[in-house]
Structure formats: C-alpha cells, structure tokens
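# Survey of secondary and tertiary structure
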Amino acid sequence: MESTLSAPVIFFASIFTNNILLAYFLGMCSFLAISRELPSAVGLGIAVTFVMTCTTALNYIVYHYLLVPLGLVHFRFIVFIIVIAAFVQLVEMIIERYSPQLYVVLGVFLPLITVNCAILGVCLFMVIRRYNFLQSVAYGLGGGIGWLLAITALAGIREKLRKAPIPKALEGPGISLIIAGLMALSFMAFSGMIQIG
Amino acid sequence: MTQILVGLLSISGLCAFLALLLEIAHAYFANYGECRIDINDGTKQVTVKGGGKLLGTLMDQGIFIPSACGGRGSCGLCKVKVLEGGGPILPTETPYMNAQELASGIRLSCQVRVRNDLKIAIPEAFFLIKAFKTRVIGLKSLTHNIREVHLKLVDPPEIVFKPGQFIQFEVPEYEGCPEPVYRAYSIASAASRNTELKLTITYVERGLATTYIHKLLQEGNEVRINGPYGDFYLRHSDRDMILIATGSGLAPLISILYQMAEEGIDRKATLYFGVRSRRDLFYEEEIRRVSTSLPRFTYVPVLSAPLPEDRWEGETGMVTDPIQRDLRDGSQTEAYLCGNPLMIDAAVKLLKAKGVAEDRIFFDKFS
C-alpha cells in the first residue's frame, strides 16, 4: 500500500518530528566530529542535504525502474551504496574545484558521507514506507535539512560551550552526547503534531 | 542461473555506467586550464597545465625541488615559499612546519595543487639541479645486501656536486610497480670524477626501488636521475671531525673522505662505521687508501653482532659506544652522521651531551 501522506507533510515531518538524526540517531559520527565550529558544520550539513536529496531521487529511479522489474530487490543495499559512493565522488570533485577551503575543512568526512548511515537510512526508509517519487524527494530533502538543522544547532551550542565551565571528565564527546540527547528530547515535543513512520 | 546472471550483469552495468559518468565529470571539473607560475619575482616564468601537484609540475618544467620520498608527503623536504595562489595550508603539511615557516608561507610542494596562477620563491641553487640520462657501467655486490651501482653520465655528460649530497633515482614502471617512482640515494664517489657516479643501495624486502635495482637492473641499462640535492657536505674549519655511518650510510662520508684526501684537508678525523658483522663491512680498501694521504684520520669499524667465524677483536656494540667512551670534550668537534634514523637520533643526543654544538652536527637520515 502506498503512503497517503502528501509530500509537504513528509517534508516538514522529516525535519521536525522524525528528524533522521535526533529521532533515529543515524549519522552520528560526523555529527559529533564536525560540530566543533559553525562554518564547517553548516558546510557539511549542506553537502549532506545535497547528497541526500539527489541520491534519494537517483535511488528511487534505480530501485523502481531497474531493481524491481529485474527482480533484484535483494541487492538494494549494495546498489544504494554504489550510487551514493559515485555521487559523493562527484560532489567531492565539485567542492575541491570550487571551494578548496571547505574541501580542507571537511577533510576525510567528505568521502565519509558515502558511509553516512543517515543517507542510506533515508533511501531504505523510502522503500519501506512505499513513497512515490515526489514523496521520496521531499523526504530526502527534509531529512537532509533536518540533519543540517541538528548539526548547526549542536555546533552553535558547542561554540558557546567553549567558555563554559565543564567538568573535566565531560569535556569533548561526553558533553556533546548529553547535548545531543537533550536536543532529541526537545525535538520529541514536536512529535504530537504529525507522525510519518 | 539466469537470475544470478541478470543480477551480476545489471550490477556490473550500473557500476560501469557510474564509472563512465565520473570519468566524464573528472575530465570536466579537474581541468584547471593553463596556469602561470612566477618564480623568484619574475626570474623565471613558466606556463603549465593546471591540476597537478606543484612538485611534479615544476619537475616537468626542468625545475627540481629536493624530495627524498618522491612526493608521498613523508619526508618534508620539498619546501618552497608560495607567495600567492597556494590556497589554505593542508593538514598533511602542518606536521613538517614550524611556526615561523607557517607564517612565511612555506609549503610542501608535493601537496600544493596548481589550480591558478602562482607566485613562488625558491633558492637559486635549485636552478642548478638538473635531470641526467645515465648508463649503468658497473654493478657490484659490496656485501650480501648492498649493491654498488656505477653510472656513467650521458646527457648532460658532467655533474657538479658537493661530496655528501644525494641524487634522485627514477625507477621506471615494471611488473609490481605501476608508475615511475623516485628514491634518493647519496653519491658514494669522488666529486672530482664528475662524469660518473657510484651509489650504494641496500636491498629492502619488497621495496619498490631496491627490488628493481637489486633484481632487475642490468649493465648497459639507461637510468634517469636528477640532482644534486642536500645540505649535507663538508664545512671548512679546523675542528676535529667525527664521522658516523651505519650500513649504506657510508656513501656520502666516503665521498667526503675522497674530497679531503684529494684536496689535502688535514684534520683530525675519526670514522665510526657500524654494521652487524664482518660480512657487512665494505669499502675497506677504499678507506685504507684514503687514510694513506690523511695522517690524522682513524677508521673504527664497530660490529653490533659479530659472528664467531669473524674472530673479531675490534670494537663491538652500538656505533656510538666508542664515542661515549673516548670523547671527553666535544666543544671543538664537528660531526657528520649518515644512516639509520634511530642511530642518528641516539648519536645526536650523545654528541650534544658531550658538548658538541648543535649547529655543528650535520646529518642525513635515511628514511
């Protein structure tokens, strides 16, 4: 059965109530590692949003027009990852060409977007929830913006934290994980509005 | 069966399609067009194809920046000053820079990509570095794992170098080595014989270059080299000299000794040569010959693991042990060290403790 939710609903739900990062805790590693400074967090967030939207669309086409007709649905994990990997290579080339500064800042996390589980997660959710093309793109874009929102918020908080008196044992990842948890709690407050998954 | 085939074919087809797409994108996005590199404020200007690393791009233009690792970013030698257009400093460069170098725009040329017009500054001496075509005229096993390669210069026919300097040896493609690699080797012959060079090369298990040199290189082969490089050479003074070598690290020191013998530089000098056992010693005849014209020169071979059949009665232990025992006051001593990096670190520490000034300890680390 196809999902009956309209694309805009899915878009907003995936940003707020079903935030891929704060509700499903996907894509944590780069979320914690690149959230030390606001500019690079925003840069990575935009890159993730871009990759997520485009790969959801690409993977939708590959899944419904290649894998389903050929009966190769069981290959979806491999195929999705291959498409994501190729696409990330492309994005890497473009960023290296047009923004060497961002390229240096993102460093190893740019190729690591390939294995950012949030991106694969969005592609797989799209299949499980039987979204049509428009819904899938809305979900990809919303998921990406949700991830961008979450990492931007965390980076903003962490920049402020630099001057805060934090107990020694909690410095670095410790306090970041606690903040991520608190952020997830506060996002749960939205969950009464819409539910998509 | 068909199911498996269809699966295999469609996944391979998809991969091939994506690979093709990436190739096209690469040709489009990685094309930086032509860039101009201005060297030393207009002394030399070259127009190059952008997209490559600065080190390789300059090498294609006949300008050689010293590099021991061949552009892998592991030796930190290929420093140049990039005045304009170098972009931000990369994390791969910072470990090799001190604060002063960071501030003055020093970069590792093997890491900087030529994306746009550049302004750089390099020492004038780098212009003297040239590429040479040579021919192998002799191959000799000095020990069970060190080979002497004797090269005759073909084009240009002569090389001007300071004894102690090194050259880069181009290892061509061969099975197991998909692209040419460069490795640095010290010159082990006299600078006065400037139409030929000798290199002493230790075999390294599975080493790309040393495997080629030990197993494949034949007499009569053409070899491309470039150089000379390095600031490891004899400083003129009257101070006592301590020379320390391990293994093929003897090469630059023997070249320095030839120079001293030929130019009659009579200084108190001691060569400590550390190897494992007697079968690892080499150039003993050459050392004996130099010592006849250097009255105040002493040769001290040190074996770390002499074999019973060696019947060794000389020094044993680490190469630094006799120095530890014999050197009392190092304040009037100059030291030249070449070989294993661990030995050099230990020797530098010891010499400093013995009062040798840090700026009088010269070394060439084999890495």
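Model, not experiment: these values are computed from the prediction. Throughout this document, residue positions are counted from 1 along each chain, in the order its sequence is written. Chain letters start at A and ligand numbers start at 1, both assigned in the order the entries are written. Two thresholds apply to this predicted model, a pLDDT of at least 70 for residue-level local features and 80 or more for giving and counting side-chain atom pairs, whereas whole-chain, interface and lining totals are computed over all residues.

## Let's talk about the sheet that holds strand β3 (residues 79-84) of chain B
Residues and elements named next belong to chain B. Strands were regarded as paired on the criterion that DSSP finds at least two bridges between them. In DSSP terms, a helix is any run of H or I states spanning at least four residues, a strand is any run of E spanning at least two, and both are numbered starting from the N terminus. An order of β2-β1-β5-β3-β4 is seen for the 5 strands of this open sheet, with the pairing classed as mixed. Edge positions in the sheet fall to β2 (44-49) and β4 (106-108), since each has one partner strand and no second. When the angles between neighbouring strand axes are averaged without regard to direction, this sheet yields 40°. As defined by bridge partners, β3 adjoins strand β5 (residues 118-121) across 3 bridges and the pair is classed as antiparallel. For lysine 81, the partnering residue across the bridge sits in β5 and is alanine 121. Fitted lines through C-alpha atoms give the axes, limited to the stretch in contact for helices. The angle between two N-to-C directions lies from 0 to 180 degrees.

## Details of the interface of chain A and chain B
Placing C-beta atoms from the backbone, we regard two residues as in contact once those atoms come within 7 Å. Between chain A and chain B, the contact holds 17 residues from the first and 17 residues from the second. A per-element tally of the side of chain A that touches chain B places helix α4 (residues 76-98) of chain A first, with 9 residues. Under the scheme applied, nonpolar residues are Ala, Val, Leu, Ile, Met, Phe, Trp, Tyr, Cys and Pro; charged residues are Asp, Glu, Lys and Arg; polar residues are all the others, including Gly. Here the residues of the side of chain A that touches chain B sort into 13 nonpolar, 3 polar and 1 charged.

## Details of the confidence of the model for chain A
For chain A, the mean per-residue pLDDT works out to 87, and 97% of the residues sit at or above 70. As a per-residue measure, pLDDT reflects the predictor's confidence and takes values from 0 up to 100. Within chain A, the element-level pLDDT minimum falls on helix α5 (residues 100-106) of chain A, averaging 73, and the maximum on helix α8 (residues 133-161) of chain A, averaging 93.

## Details of the environment of alanine 180 of chain A
Residue and element names in this part refer to chain A. As for its placement among the helices and strands, alanine 180 is situated in helix α9 (residues 173-188). Exposed residues have 12 or fewer other C-beta atoms within 10 Å of their own C-beta, buried residues have 20 or more, and partly exposed residues fall in between, where C-beta atoms are placed from the backbone. What makes alanine 180 buried here is the crowd of 22 C-beta atoms within 10 Å. It is 8.9 Å that separates the C-alpha atoms of alanine 180 and leucine 32, two residues lying 148 residues apart in sequence.

## Re the pairing of β2 of chain B
Residues and elements named next belong to chain B. As judged from the 6 bridges shared by strand β1 (residues 34-39) and β2, these two strands associate in the antiparallel manner. Looking at β2, one finds that glutamate 34 is bridged to lysine 49. The loop that links β1 with its antiparallel partner β2 comprises 4 residues; one of these, asparagine 40, has a positive phi angle of about 50°.

## Here we look at the sheet that holds strand β10 (residues 196-202) of chain B
All names here are of chain B. Reading across the sheet, the 6 strands line up as β9-β8-β11-β6-β7-β10 and stay open at both edges, with antiparallel pairing between neighbours. Of all the strands in the sheet, just β9 (181-186) and β10 have a single pairing partner and so form its edges. With direction set aside, neighbouring strand axes in the sheet form an average angle of 40°. Together, β7 (146-155), β8 (166-171), β9 and β10 form the strand contacts of helix α4 (residues 208-216), whose direction differs from that of β8 by roughly 80°.

## Observations regarding helix α5 (residues 250-263) of chain B
Residue and element names in this part refer to chain B. Between its first and last C-alpha atoms α5 spans 20 Å; for 14 residues at 1.5 Å apiece the expected length is 20 Å, and the two agree. Within α5 the residues assigned to the buried category are Leu250, Ala251, Pro252, Leu253, Ile254, Ser255, Ile256, Leu257 and Tyr258. With its phi angle positive at about 65°, glycine 264 sits one or two positions after the end of α5. In this scheme, a helix's expected span is set at 1.5 Å multiplied by one less than its residue total.

## Quick look at the nonpolar core
Residue and element names in this part refer to chain B. One finds Leu243, Ile244 and Leu253 to be the most contacted residues of the largest nonpolar core, which totals 64 residues. Examining the composition of this core, we find that 7 residues originate from one element, α5, more than from any other. Once you skip the residues sitting within four places of it in the chain, leucine 253 turns out to touch Leu243, Ala245, Leu271, Tyr336 and Cys338. Joining buried Ala, Val, Leu, Ile, Met, Phe, Trp, Tyr and Cys residues through C-beta atoms within 7 Å gives a set, and that set is a nonpolar core.

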